[in-house]
Amino acid sequence: MKKLSKKKAALLLLLCIGPLSGLFAQSLSLESNTLAGTKNQLPFWLWANQLGQFDKNSSTIQNFSINAFHGQQIGGSDFSYQVGIDLDLLLADENDIRFTQLFGSMSWKFLQLQIGAFPEEEVYAGLSTTNGNLSASRNARPHPKIRAGFNRYVPIFSDWFFINGFYEEGLLNDDRYVKDTHLHRGNLFFRFGQPKSLQVTVGIEHFVMWGGTHPVYGEFPGWEDYFNYLTASAGGNHVMEEEQLNAMGNSYGVYQIEFSKAWDKLNASLYISHPYEDHSGMEFVNYSDNLIGLHLAFHKQQVHLKNIVFEYFHTKNQSGAYLIGEAPDENGRGRGIDDYFNHGLYLSGATYNKMSMVSPLFAPVLIADGTSRGFENTRFAGLHLGADGLLSETFAWKALLTYSNNIGRHNGQGGTTISPSRKQLSALGQVSWQPLSKKINISTSVAADRGSVYDNGMNTTRLGAMISFNYYFPN
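All residue numbers here refer to positions counted from 1 along the written sequence of the relevant chain. Predicted model: local features are reported for residues with pLDDT of at least 70 only, side-chain atom pairs are reported and counted for 80 or more only, and whole-chain, interface and lining totals are derived from all residues. With hydrogens and water set aside, each side-chain value is computed from the structure's full complement of heavy atoms.

Draft legend 1. Structural context of the overall build of the protein. Regarding its fold elements, the protein presents five helices and 25 strands. A 1.4 Å probe rolled over the protein chains alone gives each residue an accessible area, and that area as a share of the maximum for its type sets the label: buried under 20%, exposed over 50%, partly exposed in between. Taken across its 475 residues, the protein has 51% of its residues classed as buried. Whether two residues touch is decided by their heavy atoms; if any such pair falls within 4.5 Å, the residues are in contact. Long-range pairs, those at least 24 residues apart, make up 60% of the contacts in the protein with a sequence separation of at least 6. Only DSSP runs of H or I with at least four residues qualify as helices, and only runs of E with at least two residues qualify as strands; both kinds are numbered from the N terminus onward.

Draft legend 2. Layout of the pattern of salt bridges. Salt bridge, as used here, is a side-chain nitrogen of Lys or Arg placed within 4 Å of a carboxyl oxygen of Asp or Glu. The final tally for this structure, using the stated rule, is eleven salt bridges. Note that Arg176 and Asp174 form a salt bridge whose closest N and O atoms lie 3.1 Å from each other. By sharing partners, the salt bridges in this structure join Glu120, Arg147, Glu168, Arg185 and Glu205 into a single network.

Draft legend 3. Main features of the nonpolar core. Grouped together as the largest cluster of nonpolar side chains are 55 residues, with contacts concentrated most on Trp47, Met209, Tyr252, Phe341, Ala350 and Met357. Put simply, the parts of the chain that give this core at least two residues each are α2 (44-47), β10 (199-210), α3 (226-230), β13 (250-262) and β16 (307-314). Excluding residues within four positions of it along the chain, Trp47 makes contact with Leu42, Phe54, Lys56, Asn139, Met355, Pro360 and Tyr454. In these notes, a set of buried Ala, Val, Leu, Ile, Met, Phe, Trp, Tyr and Cys residues joined through side-chain atoms within 4.5 Å is what counts as a nonpolar core.

Draft legend 4. Fine view of the packing of aromatic side chains. Classification of ring pairs rests on two measures: the distance between centres of Phe, Tyr or Trp rings, Trp counted by its six-membered ring, which must be within 6.5 Å, and the angle between planes, read as stacked under 30 degrees, edge-to-face over 60 and tilted in between. Per the counting criterion, the structure on display carries 26 aromatic pairs. Taken together, a centroid distance of 5.0 Å and an interplanar angle of 85° make the contact between Tyr471 and Phe473 edge-to-face. You can call Tyr471 partly exposed: its relative accessible area is 29%. Taken together, the aromatic side chains of Phe207, Tyr252, Phe313, Tyr340, Phe341, Phe362, Phe375 and Phe380 make up a single cluster linked through ring pairs. By the criterion adopted, a ring carries a charge over it if an Arg CZ or a Lys NZ lies within 6 Å of its centre and within 35 degrees of its normal. Sitting over the ring of Phe166, Arg147 keeps its end group 3.8 Å from the ring centre. Over the ring of Tyr153 we find Arg191; its NZ or CZ atom is 3.8 Å from the centre of that ring.

Draft legend 5. Quick peek at the pairing of strand β4 (residues 96-108). Inspection of the sheet shows strand β3 (residues 79-91) paired to β4 by twelve bridges, in the antiparallel sense. For Phe79, the partnering residue across the bridge sits in β4 and is Trp108. Linkage of β3 to β4, two consecutive antiparallel strands, is achieved through a turn of four residues. One requirement defines pairing of two strands: DSSP has to find at least two bridges between them. The sheet contact formed by β4 and strand β5 (residues 111-117) spans seven bridges and is antiparallel. Bridge pairing in β5 links Ser105 to Gln114.

Draft legend 6. Looking closely at the environment of Pro155. Mapped onto the elements of the fold, Pro155 is located in strand β7 (residues 154-155). For the pair Pro155 and Arg191, spaced 36 residues apart in sequence, the C-alpha separation works out to 9.0 Å. Setting aside residues no more than four positions away along its own chain, Pro155 makes contact with Phe161 and Phe162.

Draft legend 7. Structural detail: unusual backbone geometry. Note that the residue after Ser419, namely Pro420, is joined by a cis bond; omega there is 0°. Position of Pro420 among the secondary structure elements: in the loop between β22 (395-408) and β23 (422-433). At Lys438, a position not held by glycine, the phi torsion is positive, near 60°. When you line up the elements, Lys438 lands in the loop between β23 and β24 (440-451). Residue Asn456 is not a glycine yet carries a positive backbone phi of 55°. Note that Asn456 resides in the loop between β24 and β25 (460-472).

Draft legend 8. Quick look at the side chain of Ser260. Here Ser260 shows up in strand β13. Not counting residues up to four positions away in its chain, the partners in contact with Ser260 are Leu198, Gln199, Ala268 and Ser269.

Here it is, written out as structure tokens:
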């Protein structure tokens, strides 16, 4: 990371406010976050799911952000455009100024084209451990990409059958083991029913890491083998032996299911996210591995409890150490030991800028040069509770509590790499104040961890706090 003096970084950030206030007249805000943690690290819920803004390995952080957005319909047509920017100044062990978001999009009716670095839309009131999707959270900083697809659920021939989805190509341009790795993502969702009766949504998300330059094997095949990457096909004679025997690239994904129903005073959603790493996962051999959540949203105007989320997560099975009674095929390929979101060639795994792009419960392994080597711990189970509400017209609260039991990875001999298991408990409490004018928002968060996941097996208690200030410029 290039070091930047505090004075130069602050001046650059301030110089951006003037032009942005004129360009993004619809929405512009200035944010300040001050964080501190004990024992040289921030507690889990101070850094997790924050779009990669905060480095957990810093004991103190001062962050300033400019957040701007503008969307507008073009004349009286069905065309509209949106542009957005989040520019962050980070003052920590190493100072940095960077874009967390920088994107533009164009919409026509229900179609949308998006270009740039933009995050996943927040769902379930932001109370889920992983935004309801094991494979795509809001934990890491968004990477640059191009996405084309629908901007909403579109009815097909009736008012009870809907379709949604997109096709995306991105570039992981961070400092990683395989440089300039491409990341493909595609999904397709079907929705049945009406909100006042019962809506059932089912779909699949598919990710493929492909291409890039390996430090040992050199440049991997590119666009000429794009179809083989996307279909998880074995390569031909022009690729390395491992990709002749196995699928090209690093494929993974999830099945998503949601049951939702709306009442006058309550919306309820039951959601399931089931991961797959290869064919055994796609065929539900790992049926016990899921994120299962329940979100209840209350509609009353001044309600002390607005949202509550319960989640159970389990990733310990991973199709087993091997499939009993199933011998490898003629190429030596077997099934089992899925090792979610890791890969033997793309060693950085599903990380970006040293942070997990999937559930933040998958914690990256960092080596001496600061790059990621995938995940040391992919097999865990636990429970999570998140809730928020109002104390008064101007005061709001939020609470998160997560427990996990972690056993590492399959060791290839029917056992596990972490024994005895490492348990972890993480909690956060937050109170925020926003006057009726809504020009400012001030919040205070306190967080605590107790467990052995982040300290090489040693039981550690870690405390931390964050004070945030937001000022919203008038339109």
